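# Coordinate inspection notes
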Amino acid sequence: MRPLIWFRSDLRVRDNTALSEACRAADEGAAAVFAICPRQWQEHGWSPIKVDFLLRNLADLSRALEEMNIPLLILEAPRFAGLPEKLLEIAEKHRCGGIWLNREYEVDERRRDEAVARLFERAGRSFHAFHDQLALPPDSLRTSQGKFYTVFTPFRRRWIAAVEERGGITCLRKPAALEPVRARPGRVPSSVPGFEGLRRPDIWKSGEQHAHSRLRSFIEGRLGSYRELRDIPAENGTSTLSPYLALGVLSPRQCLRAAIEANRGRIGSGSPGAVTWISELIWREFYRHVLVGFPRVCMDQPFDHRARKIRWRESEEDLGRWKQGKTGVPIVDAGMRQLAETGWMHNRLRMVTAMFLSKNLFLDWRLGEKHFLRSLVDGDFASNNGGWQWSASTGTDAAPYFRIFNPVSQSERFDPSGDFIRRFVPELGSLDDRTIHLPAERAPEALRRIDYPAPVADLKRSRQAAIEKFKAKYSR
Ligand SMILES: Cc1cc2nc3c(=O)[nH]c(=O)nc-3n(C[C@H](O)[C@H](O)[C@H](O)COP(=O)(O)OP(=O)(O)OC[C@H]3O[C@@H](n4cnc5c(N)ncnc54)[C@H](O)[C@@H]3O)c2cc1C
């Protein structure tokens, strides 16, 4: 058997289930393929920085596969719809008896894979799909009533128990080189038309080796202080591994295993830093379980049916100011400018900026969700949608609608000396540590000399108005 291995969001050779299984089945070598689908990616709102990061990782993957005698072929089709026939052609041309892949769980991706499975089976070639994106398959954990979990804490408890029952987390090794096949690797393009924009190879270095050294340096250095520092955006307190996890350059198992090892084999107890970091990785698992259990979240629908009745405000101008980091609320602007300049935003600020858009501006959270995906290097549908629906109080286990972050208190609490604001909103650099959180109120005269806007919304009034609007829909 000669397998065709289809890489998607699993751009690595170590701990890759489909690759390992395909190599085990291969007795006449193997070929690999990656599909570039520009229209589909555009419709799914992918960002230029994510596409650039993907292409650089793909080039690294191609080299790693070449060392294993597996040529990575590059296929282009505007949309998923064109893929089944093209994949079959490749399989026929390279005499591959079947296709091996790791599952993706979003609705379009599942339909695409079902179409490929049907065509391959009709053509007498086998189809092998594996659960690999999560430590535990997304439909493997259910409540005692057999339902999908919708609340994080019991999900986390069950998840930890299930991992312990399995004896912990294991990772797969890089498979040994195969017998060579007669095919050359395809050329990985350095760009894809339609995705011109921000690139930051200086911050987001590509490749599995680099991802592992980033993981190691986090585990050996900052894991211990993660609980204390993870909410302080001015600190380098988190792992910044999300882009590598989103494209599968690292697997969640590799991250979890490293953290569990550092925590002497414990998962839910032990070092507070390790326990907290493991919980964040379980949030990632949770949101994928939600996506599989409630596919409507993939279809522009709120998880909470009551939220369908909400009439969001419409204001292109306010939306534009939020996107540009010109709302006049410094911590919100600092977060939005961090996103625009680096393709990444600190988690605390993702929550603050998302709440500001959906509550203080009362604009539809889906506009923010899309803008994030179009800007993030770690854009991941399930985590992004989960984070947005949490912030907008429309999701599973979401923030209650009456508990709205006050961005100024958040700023004073998590950026007490204004260091983060100064970094991304340099025009406010000369203000003192108190004034910088709310200059329009605390030093209006200083603002006359600085090119910085007045707040786009009155924080108190907009908060109250949002609570009333939610109450009217949610308490019936
Ligand atoms: C509105 C909003 C949008 C978001 N959009 C995305 C997104 O598109 N892609 C994305 O990967 N994460 C998203 N998150 C989750 C979180 O903000 C990022 O995963 C995190 O900031 C990445 O930084 P890190 O790698 O340093 O995380 P760390 O703090 O080091 O955490 C380790 C890993 O755990 C996972 N993780 C951490 N927090 C969360 C969380 N709240 N939900 C799900 N997974 C989590 C990530 O994979 C992360 O890399 C979003 C959160 C919010 C509130």
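Fair warning: this is a prediction, and the values are worked out from it, not measured in the lab. (Residues numbered from 1 in each chain as written. Predicted model: local features only at pLDDT ≥ 70, side-chain atom pairs only at ≥ 80, totals over all residues. Heavy atoms only, no water.)

## Comments concerning the domain arrangement of the protein chain
Many authors give the size of an interface as the accessible area that is lost as the parts come together. Under the convention used in this document: Segmentation of the chain into domains, including their bounds, is taken from an automatic or database domain assignment. By definition in these notes, contact holds between two residues if any of their heavy atoms fall within 4.5 Å. Buried area counts how much accessible surface, traced with a 1.4 Å probe, disappears from two parts once they are put together, with both parts' losses summed. Only one rule defines a salt bridge in this text: a Lys or Arg side-chain nitrogen within 4 Å of an Asp or Glu carboxyl oxygen. Residues adjacent in sequence count toward polar contacts only when both atoms are side-chain atoms; beyond that, a polar contact is any pair of N or O atoms within 3.5 Å, and within protein one must be able to donate a hydrogen and the other to accept it. Counting from the N terminus, the helices are DSSP H or I runs at least four residues long and the strands are E runs at least two residues long. Side-chain classes are defined by residue name, with Ala, Val, Leu, Ile, Met, Phe, Trp, Tyr, Cys and Pro counting as nonpolar, Asp, Glu, Lys and Arg as charged, and the others, Gly among them, as polar.
Structurally, the protein chain comprises domain 1 (3-130), domain 2 (152-171 + 205-293) and domain 3 (305-471). Of note, the centres of domain 2 and domain 3, computed from C-alpha atoms alone, are 27 Å apart. Between domain 2 and domain 3, the contact holds 19 residues from the first and 21 residues from the second. Taking both partners together, domain 2 and domain 3 bury about 1,700 Å²; carbon and sulfur atoms supply 60% of that area. For the interface between domain 2 and domain 3, the tally reads 2 salt bridges. Asp231 is paired through a salt bridge with Arg348; the nearest N and O atoms lie 3.1 Å apart. On the surface where domain 2 and domain 3 come into contact, there are 8 residue pairs in polar contact (both at pLDDT 80 or more). Elements with a minimum of two residues in the side of domain 2 that touches domain 3: helix H6 (152-165), helix H9 (242-246) and helix H11 (272-293). With 7 residues, H11 is the largest single contributor of residues to the side of domain 2 that touches domain 3. Across the side of domain 2 that touches domain 3, the residue classes tally to 11 nonpolar, 4 polar and 4 charged.

## So, the sheet that holds strand S2 (residues 31-36)
Counted only if it meets this: Pairing between two strands is assigned when DSSP locates at least 2 bridges connecting them. Angles run from 0 to 180 degrees between N-to-C directions of axes, and those axes are lines fitted to C-alpha atoms, restricted for helices to the stretch in contact.
Spatial ordering of the open sheet is given by S3-S2-S1-S4-S5, a layout of 5 strands whose pairing is parallel. Two strands lie at the open edges of the sheet, namely strand S3 (72-76) and strand S5 (126-130), each paired on one side alone. For this sheet, the mean inter-axis angle between neighbouring strands, taken without regard to orientation, is 25°. With respect to the sheet, helix H4 (residues 83-93) is in contact with strand S1 (3-7), S2, S3 and strand S4 (98-102), its orientation differing from that of S3 by roughly 145°. Of the strands in this sheet, S1, S4 and S5 are in contact with helix H5 (residues 107-122), which crosses S5 at around 150°.

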